[in-house]
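Overview (structure and organization)
In case you want the letters, here they are:
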Amino acid sequence: MLYLLCIKQMSEDAAAAALLEIAESCLILKVIGDGRHLHIEVHKRKNVKIYWDAGFDGGDLSELLWSESIYPSQTATKFCEAGRERRIMISGKFDAISINNGKNMITEITHFGDCGIKSLASTFENCTNLVSVFSLPTDNLDSVTTADRAWSGCSRLTTFNAHLPNVTNVEWAWQGCT
């Protein structure tokens, strides 16, 4: 019995380690559900996976929500229970993302990773509950060249800590922020 328990613990530890490795290289968004669906579209991508993580409230570590397909752009959809805090992790390489429904559920950008994103244009525009944007020292945002309207209309945004060294277009990037 002890042997089986050890195997189970090792597999849980391996799963947690694999999730941590994935998390270090992805864009991570923190959301609080409002009882509707969240739609995220990923553009021009390679080896992209979207994980839905319930780790904030003691649930399962993660659920693979969407994985690579043959289409140049693909939308992931997930119902977000009202009041429930979650993380969305997008791994792989991609040029841009769009949040087509549920922008008001995003409360934090906690990590950018090394996803090769080139454009943040309008990505988080009108995310009215977004309060903070963080970029870790290990994040690589060198490929981002445009951020026009990226955080425009984020009326609750109070903390912005992201290094965008090669951005040349920031027109209206923070219009309407506090």
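Refer to the preceding data block for the structure.
We now turn to the structure provided with this report. (Residues numbered from 1 in each chain as written. Predicted model: local features only at pLDDT ≥ 70, side-chain atom pairs only at ≥ 80, totals over all residues. Heavy atoms only, no water.)

Moving on, we come to the overall build of the protein chain. Of the regular secondary structure elements, the protein chain holds one helix and eight strands. The order of α-helices and β-strands along the protein chain, N terminus first, is α-β-β-β-β-β-β-β-β. In the protein chain, once contacts between residues fewer than 6 apart in sequence are set aside, the share between residues at least 24 apart is 70%. For the protein chain, the accessible surface area stands at approximately 9100 Å², while carbon and sulfur atoms represent 55% of it. (Helix = DSSP H or I, 4+ residues; strand = E, 2+ residues; numbered from the N terminus. Contact = heavy atoms within 4.5 Å. Areas by Shrake-Rupley, 256 points an atom, 1.4 Å probe, with all protein chains shown as cover.)

A separate point is the pairing of strand E1 (residues 27–32). Of all six residues in E1, five are buried, a share of seventy percent or more. Where E1 meets strand E5 (residues 85–101), six bridges bridge the pair, whose relative direction is antiparallel. Note on E5: the bridge partner recorded for Leu27 is Ile90. Inspection of the sheet shows E1 paired to strand E6 (residues 106–111) by four bridges, in the antiparallel sense. The residue of E6 that forms the bridge with Ile28 is His111. (Buried < 20%, exposed > 50% of the residue type's maximum accessible area, 1.4 Å probe, protein only. Pairing = 2+ DSSP bridges.)

Moving on, we come to the pattern of salt bridges. Within this structure, the stated rule accounts for eight salt bridges. Glu81 serves as the salt-bridge partner of Arg86, at 3.5 Å between the closest nitrogen and oxygen. Close ionic contact of Asp95 with Lys118 constitutes a salt bridge, the shortest N to O distance being 3.8 Å. Here the residue Asp95 occupies a position in strand E5, and Lys118 occupies one in the loop between E6 and strand E7 (132–134), the gap between them amounting to 23 residues. The partly exposed category is assigned to Lys118, whose relative accessible area is 44%. Within this structure, Lys30, Glu85 and Glu108 form a network of salt bridges that share partners. (Salt bridge = Lys/Arg side-chain N within 4 Å of Asp/Glu carboxyl O.)

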